[in-house]
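The lines below spell out each chain.
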Amino acid sequence: MFSPGPPRFDLGTYPQNTTKYHLFDKPGVWTMLCNVHAEMSAYVIVAETPYFTTTSRDGKFVLKDVPPGKYTVRVWHEKAKPATLPIDVDERPTVSLPSIELKR
Ligand SMILES: [Cu+2]
């Protein structure tokens, strides 16, 4: 799902009230930074799967309608190293994962 290196793009600077577009054409975590304000950042994750989600505030998530099979759960957080967990989805209606600990 994530490319080996961070995808890069640069929209440069442009006048206020101007809109620029960028097509995120490669999978990965795309980082957007402001070269004026260090506290301004955003991320776009381009995933090659229909099975993705974000967590609730307590870190829990649900992926619905995942067909049976072997998968790798990939977890990303801006302040942690990405984590992966192999999972075997079977015919049970609900499959629970063990906790995934993210480390800085
Ligand atoms: Cu800024």
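Everything that follows concerns the structure shown earlier in this document.
This one's a predicted model, so the numbers in the text were calculated from it and none came from an experiment.

Draft legend 1. Structural view of the overall build of the chain. Regarding its fold elements, the chain presents zero helices and four strands. Seen in sequence order, the chain has helices and strands lined up from the N terminus as β-β-β-β. Computed over the C-alpha atoms, the radius of gyration of the chain is 17 Å, more than 25% above the 13 Å expected from 2.2 N^0.38 for a compact globule of 104 residues. Principal axes of the C-alpha set define a box for the chain whose edges measure 55 × 25 × 25 Å.

Draft legend 2. Layout of the environment of aspartate 88. As for its position among the elements, aspartate 88 is in strand β4 (residues 83-89). The spacing of aspartate 88 and lysine 70 is 18 residues in sequence and 4.5 Å in space, taken between C-alpha atoms.

Draft legend 3. Main features of unusual backbone geometry. In this model, asparagine 17 sits at a positive phi of 65°, which is unusual for a non-glycine residue. With respect to the element layout, asparagine 17 can be found in the segment before β1 (28-33). The exposed category is assigned to asparagine 17, around which 5 C-beta atoms lie within 10 Å. The phi dihedral of aspartate 65 falls on the positive side, at around 60°, and the residue is not glycine. Positionally, aspartate 65 belongs in the loop between β2 (41-46) and β3 (69-75).

Draft legend 4. A look at the environment of methionine 32. Turning to its location among the elements, methionine 32 is positioned in strand β1. Sequence separation of methionine 32 and histidine 22 is ten residues, and the distance between their C-alpha atoms is 11 Å. Discounting chain neighbours no more than four positions away, the residues touching methionine 32 are Ser41 and Ala42.

The rules behind these values
- Residues numbered from 1 in each chain as written.
- Predicted model: local features only at pLDDT ≥ 70, side-chain atom pairs only at ≥ 80, totals over all residues.
- Helix = DSSP H or I, 4+ residues; strand = E, 2+ residues; numbered from the N terminus.
- Rg over C-alpha atoms; globule rule 2.2 N^0.38 Å.
- Buried ≥ 20, exposed ≤ 12 C-beta atoms within 10 Å, placed from the backbone.
- Contact = placed C-beta atoms within 7 Å.

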